[in-house]
Structure formats: structure tokens, C-alpha cells
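# Descriptive structure summary
Chain residues, written in single-letter form:
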Amino acid sequence: HIEKFGDVTSERQMSLIQLFQKAEPAVIQVNTKKIPNENLEGETPGSVGSGFVYDEDGHIITNHHVIDDAIKITVTFLDGESYAAEIVGSDADLDLAVLKVNTRNSYLHNLELGSSSELKVGQQVVAIGNPFGLSGSMTSGIVSQIGRLLPQESGYSIPNVIQTDAAINKGNSGGPLFHKNYVVGVNTQGLAKDETEGLNFAVHVDEIQKFLRN
């Protein structure tokens, strides 16, 4: 039994390696310059988030809060090349946004969206993004629960949110959450960080699909 367990573990590790190699080129870093805050004495604040390529036309999915109030958005690909991006769609209530870059960069590899039927509590999931600006970081965990409501500052609650114990830190926002080879969620901000250690959330793929159709 021990030998069999070892084989299963080895296969799982290899699967995660293959997933990362496939997905990393499509996960990008989103850097923004935001509207100056009068309290910052003229400095222009910025932020770092994540996103992923949705199609070969240069559309990128990220979080609304990553690009909210941005006056300049720059996305950086795996090869280190950076490009200006424009917002082509955004929904504050769902915390989702679509960016567009006009480039033929060789790293425009699109990722495939999964479906809700594939997602069950206990299944392994993987988050890839740029926590604290550390590009191409991968964490893994399980689906802790689905169907959560995630309150927003606007008073609206994002429906059908995925709860996971995969580590999602500042900078991971907007990056993909995978089950197997499919994107099943967009990693987003959680509740107050001092109250939710090990408790992380992602916008469900069903909500992503609805957003993209509208």
C-alpha cells in the first residue's frame, strides 16, 4: 500500500508540474498607476495584480479592483515584455474586468475555462499569480466550499464564490484558479485579512462566463 500511495503522489506532483508549465505563459502581471490621492502629497499610487490571457486577440481577464481608478495599466508577460492595456469591460459587483493589449507577443497563449459541473468540495485546485509582485508563483490546496457569498464595499455580495485553502495573497488578485487543466475561478480579495488566515476566495467560472457574454 505504501508503494501504491507513493506512485499516486508522484503522479500528482508531475501533473502539477505539467499544469504550471502549460499555464505560466498565459498568466501575466498587471501594474497600474492610479488617480493621485491628495493625502499622498502629489505621489501617484500604484498596485500590482495578476491576470490571464483569455484569447489570442489579446483579451486578459483580471479583477475589477486591480484596475479600478487606474489612469495607466501595463501588463508584463513571462518574457519580461510590457505593454499598455486598455479596459474593454468591467463589473465592480462581480469584481471582474477584461483588458486588451494590441500585440502579437508569442506568450498570448489562451487558457480554457472549465464548467461548474467539474467543481466539488475536496477537489485539488491551484492558484497562479504574482503575490507581492513575485511573478509566476504557484500555490495549491483544495476546494473548501462552493456557493459562498462574498460581501463587497458597495453592499453587493458576489454570488457562488469558491472558498479554498490555496494561499492567495496581495498581488494574486485577478489570477486564475485551476482544477486540472481548466480555469475554474478568478482569485479575488477575501474578507478582512486579519480574520481570514488560510481562508481565500475566487469568483466562480459560471460568473466569469456570464460576465463575458454580457
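Cut-offs applied
Residues numbered from 1 in each chain as written. Predicted model: local features only at pLDDT ≥ 70, side-chain atom pairs only at ≥ 80, totals over all residues. Heavy atoms only, no water. Helix = DSSP H or I, 4+ residues; strand = E, 2+ residues; numbered from the N terminus. Buried < 20%, exposed > 50% of the residue type's maximum accessible area, 1.4 Å probe, protein only. Contact = heavy atoms within 4.5 Å. Areas by Shrake-Rupley, 256 points an atom, 1.4 Å probe, with all protein chains shown as cover. Phe/Tyr/Trp six-rings, centres within 6.5 Å; stacked < 30°, edge-to-face > 60°. Pairing = 2+ DSSP bridges. Core = buried A, V, L, I, M, F, W, Y, C linked by side-chain atoms within 4.5 Å. 1 Å grid on protein atoms, 1.4 Å probe; cavity = no way out; pocket = protein on both sides within 12 Å on 5 of 7 lines; lining within 4 Å. Points joined across faces, edges and corners; volume = space filled by probe spheres on them. Nonpolar A, V, L, I, M, F, W, Y, C, P; charged D, E, K, R; others polar. Axes fitted to C-alpha atoms, helices over the stretch in contact; angles between N-to-C directions. pLDDT = per-residue confidence, 0-100. Salt bridge = Lys/Arg side-chain N within 4 Å of Asp/Glu carboxyl O.

## Some words on the overall build of the chain
From N to C terminus, the chain includes 3 helices and 13 strands. Relative to its full complement of 214 residues, the chain shows a buried share of 43%. In the chain, 62% of the contacts between residues at least 6 apart in sequence involve partners at least 24 apart. Accessible area of the chain: about 11,200 Å², with a carbon and sulfur share of 47%.

## Quick look at the packing of aromatic side chains
The tally for this structure, following the rule as stated, stands at 1 aromatic pair. With a centroid separation of 5.7 Å and an interplanar angle of 75°, the aromatic rings of Phe77 and Tyr83 are classed as edge-to-face. Accessibility expressed as a relative area gives 3% for Phe77, which makes it buried.

## As for the pairing of strand S10 (residues 157–164)
With 5 bridges connecting them, strand S9 (residues 137–151) and S10 associate as antiparallel partners. Following the sheet pairing, Pro151 is matched in S10 by Ser157. Count of turn residues in the S9/S10 antiparallel hairpin: 5 residues, of which Gly155 carries a positive phi of about 100°. With 3 bridges joining them, S10 and strand S13 (residues 200–204) adopt antiparallel strand pairing. Bridge pairing links Gln163 to Phe201 in S13.

## Section: the nonpolar core
In globular proteins that are soluble, nonpolar side chains generally tend to be buried together. Formed by 40 residues in total, the largest nonpolar core has its most connected members in Val30, Val75, Leu99 and Phe178. Residues in contact with Val30, not counting those within four places in the same chain, are Ser47, Val48, Gly49, Ser50, Gly51, Thr62, Val66, Ile67, Ile73, Thr74, Val75 and Leu99. Counting residues in hydrophobic clusters, the runner-up holds 9 residues, among them Val125, Ala127, Val143 and Val184.

## So, empty space enclosed by the protein
Going through the model one piece at a time under the given rule, you end up with 1 cavity of 30 Å³ or more. Taken together, Leu19, Lys22, Ala23, Leu111, Glu112, Phe178 and Asn181 make up the lining of the largest cavity. Its residues assigned to classes, the lining of the largest cavity comprises 4 nonpolar, 1 polar and 2 charged.

## A look at the sheet that holds strand S5 (residues 82–84)
Pairing between the strands of a sheet comes from backbone hydrogen bonds, and it takes one of two forms, parallel or antiparallel. Pairing is antiparallel in the open sheet, where 7 strands are placed in the order S5-S4-S1-S2-S3-S7-S6. The sheet terminates laterally at S5 and strand S6 (86–91), the two strands that pair on one side only. Averaged over all pairs of adjacent strands, the angle between strand axes in this sheet comes to 30°, irrespective of strand direction. The pairing of strand S1 (residues 27–34) with strand S2 (residues 46–53) spans 7 bridges and is antiparallel.

## As for the sheet that holds S13
Pairing within the closed barrel is antiparallel, and its 6 strands lie in the order S8-S9-S10-S13-S12-S11. With direction set aside, neighbouring strand axes in the sheet form an average angle of 50°. Where strand S8 (residues 124–129) meets S9, 6 bridges bridge the pair, whose relative direction is antiparallel. Residue pairing across strands places Ile128 opposite Met138, the latter belonging to S9. Taken strand by strand, helix H3 (residues 205–213) contacts S10, strand S12 (182–188) and S13, and its axis lies near 40° from that of S13.

## Describing the confidence of the model for the chain
When pLDDT is averaged along the chain, the result is 85; 84% of the residues meet or exceed 70. Overall, residues 1–6 carries pLDDT values under 50, and its contacts beyond four positions in sequence, including any with other chains, amount to 0 contacts.

## Some thoughts on the pattern of salt bridges
On inspection of all chains with the given rule, the structure shows 1 salt bridge. A salt bridge links Glu207 to Lys210, with the shortest nitrogen-to-oxygen separation between them at 3.6 Å. Remark: Lys210 and Glu207 occur in helix H3; sequence separation between them is 3 residues, near one turn of the helix. Here Glu207 falls in the buried class, since its relative accessible area comes to 8%.

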